[in-house]
Amino acid sequence: MNIAQIIDHTLLNPAAVPAEIERLCKEAVDYGFFSVCVNPSYVSYANNFIKQIHKHKNDVKITTVVGFPLGASTLESKCFEAKDAVKNGADEIDMVINIGRLKNGDISYVRSEIAAVKNCIGQGILKVILETCLLTKEEIATAAELAVGGGADFVKTSTGFSAGGALKEDVELIAKTVSGRAGVKASGGIRTYEAAIKMINAGANRLGLSNSVMIMQEYDKMLNEERK
């Protein structure tokens, strides 16, 4: 299965330099990845660079993060970040929920936060990051339902910057909870083609990967071996 078209090719390392962003963008164009996912300060840079190297810029979307990686910033600051990112060329926003508020049972705040950011970005795509490794199964289901209620387009497992990443059982739980009302993005710790396929089979229809190229090379190798 060629998974390139559902991959957000990701580089969120705080020490990333422009040359690395350029390489990320070139790889996305070459492999046909759905988007590049970069930190907010590189949204405009990535957007302009892809336009320079790829005449069909819209073929490669720009994804960025908001309230990242902790989710503990204010609703107002998340809205500002999201608006600024869209202004700079972001097509999709991956926002971290306020995890502490969720764990404290402040359901109305979490739902209103999601709805506010979705409203801020207009036609842009909103993916809501739950950070599943910090939540109980009940909290994961609750957060996924709140994301749908707030208008999210996708529910995403993880930032990749916390205690753990995507787990098959958590992807299954999110997919069951949203039941087709939103997409499911698995992200964090997916390092092999086999692991990526497991996430897809569990219900993910978008993948956040930092070693996307290695996974695609693994896929190409498998194809070549099958042809022999």
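Above this text you will find the structure in question.
Now for a quick tour of the structure.

## Description of the side chain of Asn211
Right, on to step 1. Looking at the secondary structure, you find Asn211 in the loop between β8 (206-209) and α9 (212-227).
Right, on to step 2. If we skip the residues at most four places from it in the chain, Asn211 touches Ile190 and Arg191.

## Let's talk about the state of the cysteines
Right, on to step 1. Summed over all chains, the structure comprises 0 disulfides.
Right, on to step 2. In this structure Cys79 is a free cysteine whose sulfur lies 3.0 Å from that of Cys120, the closest cysteine sulfur available.
Right, on to step 3. Taking relative accessible area as the criterion, Cys79 reaches 10% and is therefore assigned buried.

## Thoughts on the packing of aromatic side chains
Right, on to step 1. All told, the structure shown has 4 aromatic pairs when counted by the stated rule.
Right, on to step 2. With 6.1 Å between their ring centres and 70 degrees between their planes, Tyr42 and Tyr45 make a pair best called edge-to-face.
Right, on to step 3. Here Tyr42 falls in the buried class, since its relative accessible area comes to 17%.
Right, on to step 4. Note on Tyr193 and Tyr219: the rings are 5.4 Å apart at their centroids and 35 degrees apart in plane angle, and the pair reads as tilted. Note that Tyr193 is positioned in helix α8 (residues 193-202) and Tyr219 in helix α9, a separation of 26 residues in sequence.
Right, on to step 5. By relative accessible area, Tyr193 is classed as buried at 6%.
Right, on to step 6. One Lys or Arg, Arg101, reaches over the ring of Tyr109 and ends 3.8 Å from the middle of that ring.

Conventions we followed
- Residues numbered from 1 in each chain as written.
- Predicted model: local features only at pLDDT ≥ 70, side-chain atom pairs only at ≥ 80, totals over all residues.
- Heavy atoms only, no water.
- Helix = DSSP H or I, 4+ residues; strand = E, 2+ residues; numbered from the N terminus.
- Contact = heavy atoms within 4.5 Å.
- Disulfide = S-S within 2.5 Å.
- Buried < 20%, exposed > 50% of the residue type's maximum accessible area, 1.4 Å probe, protein only.
- Phe/Tyr/Trp six-rings, centres within 6.5 Å; stacked < 30°, edge-to-face > 60°.
- Lys NZ or Arg CZ within 6 Å of the ring centre and 35° of its normal.

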